[in-house]
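Close look at the chain arrangement
Spelled out from the first residue to the last, the chains are:
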Amino acid sequence: DAVHGPFGGVVPELASRLGVAVGPVHAVVMGTDRLAYDIFGDTVNTSSRCATTSPYHTGQMMPQVLESCPESRRPAGSNEVAQMKGKGDVPVFRF
């Protein structure tokens, strides 16, 4: 279904994907006048790859994330295997 925009045009449905991973990250603040903040590390790359290998309108998380959720807060979904660049076949939980 399309959504009508504020000026009468049709806005295509928003297509989103979500990737979630846990682990260590590195953060840096750069600059002196205009500060820029960035995070990087394997956890960030894994989260990004979870998102890019997930079908639209779904999300994927690493099993460690699911295990850290209380039983009553776990999302409905299924265990899958995703082919991730630089990592090969990786177990994920798709929700």
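For the structure given in this document, a descriptive report is provided here. (Residues numbered from 1 in each chain as written. Predicted model: local features only at pLDDT ≥ 70, side-chain atom pairs only at ≥ 80, totals over all residues. Heavy atoms only, no water.)

**A few points about the pairing of strand β4 (residues 26-30)**
Stated precisely, the cut-off is as follows: Two strands pair under a simple rule: DSSP has to find at least two bridges between them. A run of DSSP states H or I qualifies as a helix once it reaches four residues; a run of E qualifies as a strand once it reaches two. Both are numbered from the N-terminal end.
Sheet analysis places β4 next to strand β5 (residues 36-40), joined by five bridges and oriented antiparallel. Within β5, the position partnered with M30 by the bridge is A36. In this structure, the hairpin formed by β4 and β5 is closed by a connection of five residues, where G31 is found at a positive phi of approximately 105 degrees.

**Points about the packing of aromatic side chains**
Aromatic ring pairs: the centre-centre distance and the angle between the two ring planes describe each pair. Convention followed: Stacked, tilted and edge-to-face are the three classes applied to pairs of Phe, Tyr and Trp rings, where Trp contributes its six-membered ring and a pair requires centres within 6.5 Å; stacked means planes under 30 degrees apart, edge-to-face means over 60, and tilted covers the rest. Counting as a charge over the ring demands two things of the Lys NZ or Arg CZ atom: a distance within 6 Å of the ring centre and an angle within 35 degrees of the ring normal.
All told, the structure shown has zero aromatic pairs when counted by the stated rule. Over the ring of Y56 we find R17, and its NZ or CZ is 4.4 Å from the ring centre.

**A word on the nonpolar core**
Note the following rule: Nine residue types can take part in a nonpolar core, namely buried Ala, Val, Leu, Ile, Met, Phe, Trp, Tyr and Cys, and a core is a set of them joined through side-chain atoms within 4.5 Å. The buried label goes to any residue with under 20% of its type's maximum accessible area, the exposed label to any with over 50%, and the partly exposed label to all in between, with areas taken from a 1.4 Å probe on protein chains only. Contact between two residues is taken to exist if any of their heavy atoms lie within 4.5 Å; hydrogens are not considered.
Core analysis: the biggest nonpolar cluster contains eleven residues, these being A21, C50, M61, M62, V65, L66, A82, M84, V90, V92 and F93. Within the residue set of this core, elements represented by two or more residues are α2 (63-68), β7 (78-84) and β8 (88-94). When residues in this core are grouped by element, the largest group, three residues, is from β8. Ignoring anything within four residues of it in the chain, the contact list for A21 reads T43, T46, S47, M62 and V65.

**Notes on the pattern of salt bridges**
Where we set the bar: What counts as a salt bridge is simple: a side-chain nitrogen of Lys or Arg found within 4 Å of a carboxyl oxygen of Asp or Glu.
Per the counting criterion, the structure on display carries three salt bridges. Measuring nitrogen to oxygen at the nearest pair gives 3.0 Å for the salt bridge that ties K87 to D42. Taken as a pair, K87 in the loop between β7 and β8 and D42 in helix α1 (residues 42-52) lie far apart in primary sequence, 45 residues in all. Of the residues examined, K87 reaches a relative accessible area of 31% and is grouped as partly exposed. Across the pair E80 and R94 runs a salt bridge, and its minimum N-O distance is 4.0 Å. Of this pair, E80 sits in strand β7 while R94 sits in strand β8, placing them 14 residues apart in sequence. You can call E80 partly exposed: its relative accessible area is 28%.

**Quick word on the side chain of Q60**
Mapped onto the elements, Q60 comes out in strand β6 (residues 58-61). On the basis of relative accessible area, Q60 is assigned to the buried category, the value being 0%. If sequence neighbours within four positions are ignored, Q60 has contacts with L18, G19, V20, C50, T53, S54, A82, V92, F93, R94 and F95.

**Thoughts on the sheet that holds β8**
Pairing between the strands of a sheet comes from backbone hydrogen bonds, and it takes one of two forms, parallel or antiparallel. Using the following cut-off: Here an axis means a line fitted to C-alpha atoms, over the contact stretch when the element is a helix, while the angle between two N-to-C directions is reported on a 0 to 180 degree scale.
Ordered in space as β3-β6-β8-β7, the four strands form an open sheet in which the pairing is mixed. On the outer flanks of this sheet lie β3 (17-20) and β7, each paired with one strand and no other. Pairs of neighbouring strands in the sheet enclose a mean axial angle of 35 degrees, with direction left out of account. In terms of strand pairing, β3 meets β6 through four bridges, oriented parallel.

In short, the description is geometric, and any link to function would need to be established separately.
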